[in-house]
Amino acid sequence: MSHLSFEELSQFIDKELPNWRVAEIKEHIDNCPACKEKLDTLLLIDQSIRETYKEYNTEKFSAEVLERVESKPVRYSFRLKLATIGVAISLAFGITFGFLRSTYRENLEEEKYKLISQHYIISSGDMGIIFISDK
Amino acid sequence: MKKYREENDTELIRRIQKGDEKAFEEIIRRYSNRIINLATQIMGSQDEGWDIAQEVFISVWKNIKSFDISKNFYPWVRKITVNACYEELRRRKGHIESSLDDVEEGEPSIDVPDDAYSPEDIFDKIELKEAVEEALNSLPKHYRVTLWLRIIENLSYEEIAETLEINIGTVKSRINMARKMMQDKLKYYLEEKDESS
């Protein structure tokens, strides 16, 4: 009777062998103390590894993860808010400035045509009316 | 929170996809221990395992919308964990040691002397648990992780192959080798146990 190999015993405890082979191995182990001992040793090692599984403080872990998850969107939203406020101020300033400028120009043009209608123009150019005299 | 504890994963995931943080908290409560344990095995230290596990759950929160609700949640998180750990190890070391498919059939030899974890040292340990922990930590990383996925995560060889992106033959050889190494490292302790029983 040949003994079972280490590989086969390993696959046996991992349930990775076909049913027919499992039945043969079970029968062999019942009749072979040496293989039974090898199998017991492997089972003991597996069991000992299971016992190394640790219990961690999952509440602390969870709190830390949630804190990190929550803090990221807040930072993002703060930046977004800052950018939005900046754009809004620029727009308001731009619109107001534009409006004031066009009102000023309209008034200036109006005054200019008023003067032209009341005076003779001697000379004019890009810089404006150089000289006028009363009609 | 009681309401959430009674819900299954699928229901919780649906809630998380809508931004429900309480549901996310419940998912963390359910799986964080397993994820920290797994990450610790891959990274080789509890602190690093803890940190990587946090990154994993943050990544889950960010990417949950892409998760296919018809699939099981835990294998997805486990895969993220394995990838995150190997990615971190690759980033740090930048060489082959940490790659997912760095396997070698039949090496290293179990007779390689390991001064830090010699059988004599292990023999001196009073607690079997401590001796096993040290023996496990002294295994080459890819052997330790494969054995862990088999024994603790209870994955089949095929599932391990999928998770680690290696072939089944490699899984078998890693598990055999890991068990042989464990047996060798614990030999004196195990003999002692036999004699005393």
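Please refer to the structure placed before this passage.
The following refers to the structure shown. (Residues numbered from 1 in each chain as written. Chains lettered and ligands numbered in written order. Predicted model: local features only at pLDDT ≥ 70, side-chain atom pairs only at ≥ 80, totals over all residues.)

**A short note on the packing of helix α1 (residues 6–13) of chain A against helix α3 (residues 33–50) of chain A**
To describe two helices that pack against each other, one gives the angle between their axes and the distance between the axes.
All names here are of chain A.
Okay, so step 1: Orientation of α1 relative to α3, taken along the N-to-C sense of each, is 50°, at an axis distance of 10 Å. By the criterion of interaxial angle, the relationship of α1 to α3 is oblique. Taken as a pair, α1 and α3 cross one another with a handedness that is right-handed. Between α1, through Leu9, Ser10 and Ile13, and α3, the contact on the second element is made entirely by Lys38, Leu39, Leu42, Leu43 and Asp46.
Okay, so step 2: Of the residues contributing to the contact of α1 with α3, the split by class is 5 nonpolar, 1 polar and 2 charged. (Axes fitted to C-alpha atoms, helices over the stretch in contact; angles between N-to-C directions. Helix = DSSP H or I, 4+ residues; strand = E, 2+ residues; numbered from the N terminus. Parallel < 35°, antiparallel > 145°, perpendicular 65-115°, else oblique. Left-handed = near helix turned anticlockwise from the far one by under 90°. Contact = placed C-beta atoms within 7 Å. Nonpolar A, V, L, I, M, F, W, Y, C, P; charged D, E, K, R; others polar.)

**Here's the deal with helix α4 (residues 46–63) of chain B**
What sets the pattern is the α-helix's 3.6 residues per turn: residues three or four places apart point alike.
Okay, so step 1: For α4 of chain B, built from 18 residues, the straight-helix expectation of 26 Å at 1.5 Å per residue is met to within 8% by its first-to-last C-alpha distance of 25 Å.
Okay, so step 2: Within α4 of chain B, burial applies to Gly49, Trp50, Ile52, Ala53, Gln54, Val56, Phe57 and Val60 of chain B. (Expected span 1.5 Å × (residues − 1). Buried ≥ 20, exposed ≤ 12 C-beta atoms within 10 Å, placed from the backbone.)

**Regarding the nonpolar core**
Okay, so step 1: Within the largest apolar cluster, 57 residues are counted, with the highest numbers of intra-cluster contacts made by Ile35, Ala39, Ala53, Cys85, Ala178 and Leu186 of chain B.
Okay, so step 2: Broken down by element, the residue count for this core peaks at 11 residues, all from helix α3 (residues 21–43) of chain B. (Core = buried A, V, L, I, M, F, W, Y, C linked by C-beta atoms within 7 Å.)

**A look at unusual backbone geometry**
All names here are of chain B.
Okay, so step 1: Non-glycine residue Asn154 carries a positive phi angle of around 60°.
Okay, so step 2: Its 11 C-beta neighbours within 10 Å are what place Asn154 among the exposed residues.
Okay, so step 3: Although it is not a glycine, Glu165 adopts a positive phi angle of roughly 55°.
Okay, so step 4: Tracing the backbone shows Glu165 in the loop between α9 (157–164) and α10 (168–185).
Okay, so step 5: Under the C-beta neighbour-count criterion, Glu165 is labelled partly exposed, with 13 such atoms within 10 Å.

**Concerning helix α2 (residues 9–17) of chain B**
Residue and element names in this part refer to chain B.
Okay, so step 1: Residues Leu12, Ile13 and Ile16 constitute the buried set of α2. Buried positions in α2, seen along its axis, are confined to an arc of 100° and lie on one side of it.
Okay, so step 2: Elements in contact with the buried residues of α2: α1 (2–5), α3 and α5 (73–93). (Arc of directions from axis to C-beta.)

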